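So the chains spell out like this:
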Amino acid sequence: MARLLVVHHSPTPSVQELTDAVIAGGNDDAIEGVEVVVRRALEATADDVLAADGYLLGTTANFGYMSGALKHFFDTIFLEAGGALSDDGSASPGSGGKKPFGLWVHGRYDTTGAVRSVVSIVQALPWTQAADVLEVLGDVTEAHTEAAYELGGTLAALVMD
Ligand SMILES: Cc1cc2nc3c(=O)[nH]c(=O)nc-3n(C[C@H](O)[C@H](O)[C@H](O)COP(=O)(O)O)c2cc1C
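Just so it is clear, the structure is predicted and the values come from calculations on it, not from any experiment.

Peer 1: What's the story with the side chain of Ser92 in this structure? I'm lost.
Peer 2: Among the structural elements, Ser92 can be located in the loop between helix H3 (68-77) and strand S5 (99-107). Once residues within four sequence positions are removed from consideration, Ser92 is found in contact with Ala84, Leu85, Ser86, Gln123 and Ala124.

See below:
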């Protein structure tokens, strides 16, 4: 059974709504043979990461960066998950890898820095970006939850292959 790992920080109802839609998309009836494993960012482990065939990451934008919770996730799993560090301790651009990942970010003003912060770390992991980043500002609409559902389904279909 393929495994899709969802790691998220969803501190408010609106962000949780997006997260729920992503998970529902991953569990769409058209998807077969994929187990969707959901972990809060503060609870996900390196074993969770190593056991997964693909990843969906969700975070709020905080101070122009990803949430502290998702940063904690990366701090915890980065090296065991095959991340490469530069001599100065920054994430070293790697040669990529096959495991697909997707990302959604919710903010109120500007999610640019939050997206950049995640992508700059993930590019040092053996993962490859498999879908456009879903960026949502402000109130969550039906269009946003539909896009989140689509994101979940896309990643699940990719790990199913
Ligand atoms: C300390 C703090 C920093 C924040 N920084 C940003 C930010 O840099 N960019 C942004 O778009 N939203 C920012 N926000 C808004 C959060 O991203 C937003 O509250 C979160 O996504 C939950 O959304 P909601 O309050 O609409 O439910 C910040 C919120 C807090 C509390």
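Peer 1: Is there a simple way to explain the site of the ligand in this structure?
Peer 2: Not every one of the 13 residues close to the ligand is listed here, only the nearest: Thr12, Ser14, Ala61, His106 and Arg108. At 2.7 Å from an oxygen atom of the ligand is found a main-chain nitrogen or oxygen belonging to Ala61. One nitrogen or oxygen atom from the side chain of Arg108 is found 2.6 Å from an oxygen atom belonging to the ligand. Relative to its unbound accessible surface of 620 Å², the ligand loses 71% to contact with the protein. For the shell around the ligand, the secondary-structure elements that each account for two or more residues are helix H1 (13-26), strand S3 (54-62) and S5. Taken together, the residues that form the shell around the ligand break down as four nonpolar, seven polar and two charged.

Peer 1: Honestly, the side chain of Ser117 in this entry has me stumped. Any pointers?
Peer 2: Note that Ser117 resides in helix H4 (residues 112-122). Separated by 2.7 Å, the side chain of Ser117 and the backbone oxygen of Ala114 make a polar contact. Residues in contact with Ser117, not counting those within four places in the same chain, are Tyr65 and Met66.

Peer 1: What is the right way to look at the pattern of salt bridges in this model?
Peer 2: Pairs can form between side chains of opposite charge once their charged atoms are near each other. Summed over all chains, the structure comprises five salt bridges. Its salt-bridge partner being Glu43, residue Arg40 comes within 3.7 Å of it at the nearest N-O pair. Looking at Glu43, the relative accessible area reads 48%, which means it is partly exposed. The partner of Arg108 in a salt bridge is Asp139, with the nearest N and O atoms 3.0 Å apart. Pair noted here: Arg108 is in the loop between S5 and H4 and Asp139 is in the loop between strand S7 (134-137) and helix H5 (142-160), with a separation of 31 residues, a long-range link. For Asp139, a relative accessible area of 56% puts it in the exposed group.

Peer 1: Can you walk me through the pairing of strand S2 (residues 34-40) in this structure?
Peer 2: Two faces belong to every sheet, and in a regular strand the side chains alternate between them. Pairing of strand S1 (residues 2-8) with S2, which is carried by seven bridges, proceeds in the parallel orientation. Bridge pairing links Ala2 to Val34 in S2. For the handedness criterion, the β-α-β arrangement of S1, H1 and S2 is classed as right-handed.

Peer 1: Sorry, what's going on with the nonpolar core here?
Peer 2: In a soluble, globular protein the nonpolar side chains are often hidden away together inside. Membership of the largest hydrophobic core comes to 30 residues, with the highest contact counts inside it found for Leu57, Phe73 and Phe74. Elements with a minimum of two residues in this core: S1, helix H2 (46-50), S3, H3, S5 and H4. When neighbours within four sequence positions are excluded, Leu57 is seen to be in contact with Val7, Phe73, Phe74, Phe101, Gly102, Leu103, Trp104, Val118, Val122 and Trp127. Core analysis: the second largest hydrophobic core is formed by 21 residues, Ile23, Val36, Ala148 and Ala156 among them.

Peer 1: Just checking my understanding: could you explain the packing of aromatic side chains for this structure?
Peer 2: To describe a pair of aromatic rings, one takes the distance between the centres and the angle between the planes. By the definition in use, this model includes three aromatic pairs. Arranged with centres 5.3 Å apart and planes meeting at 55°, the rings of Phe73 and Phe74 form a pair that is tilted. Judged by its relative accessible area of 0%, Phe73 falls in the buried class. Every member of this aromatic cluster is reached through a ring pair, and the members are Tyr55, Phe101 and Trp127.

Scoring rules and cut-offs
Residues numbered from 1 in each chain as written. Predicted model: local features only at pLDDT ≥ 70, side-chain atom pairs only at ≥ 80, totals over all residues. Heavy atoms only, no water. Helix = DSSP H or I, 4+ residues; strand = E, 2+ residues; numbered from the N terminus. Contact = heavy atoms within 4.5 Å. Near = heavy atom within 4 Å. Polar contact = N/O pair within 3.5 Å; in protein donor to acceptor, adjacent residues only side chain to side chain. Areas by Shrake-Rupley, 256 points an atom, 1.4 Å probe, with all protein chains shown as cover. Nonpolar A, V, L, I, M, F, W, Y, C, P; charged D, E, K, R; others polar. Salt bridge = Lys/Arg side-chain N within 4 Å of Asp/Glu carboxyl O. Buried < 20%, exposed > 50% of the residue type's maximum accessible area, 1.4 Å probe, protein only. Pairing = 2+ DSSP bridges. Right-handed = clockwise from strand over helix to strand, strands pointing away. Core = buried A, V, L, I, M, F, W, Y, C linked by side-chain atoms within 4.5 Å. Phe/Tyr/Trp six-rings, centres within 6.5 Å; stacked < 30°, edge-to-face > 60°.

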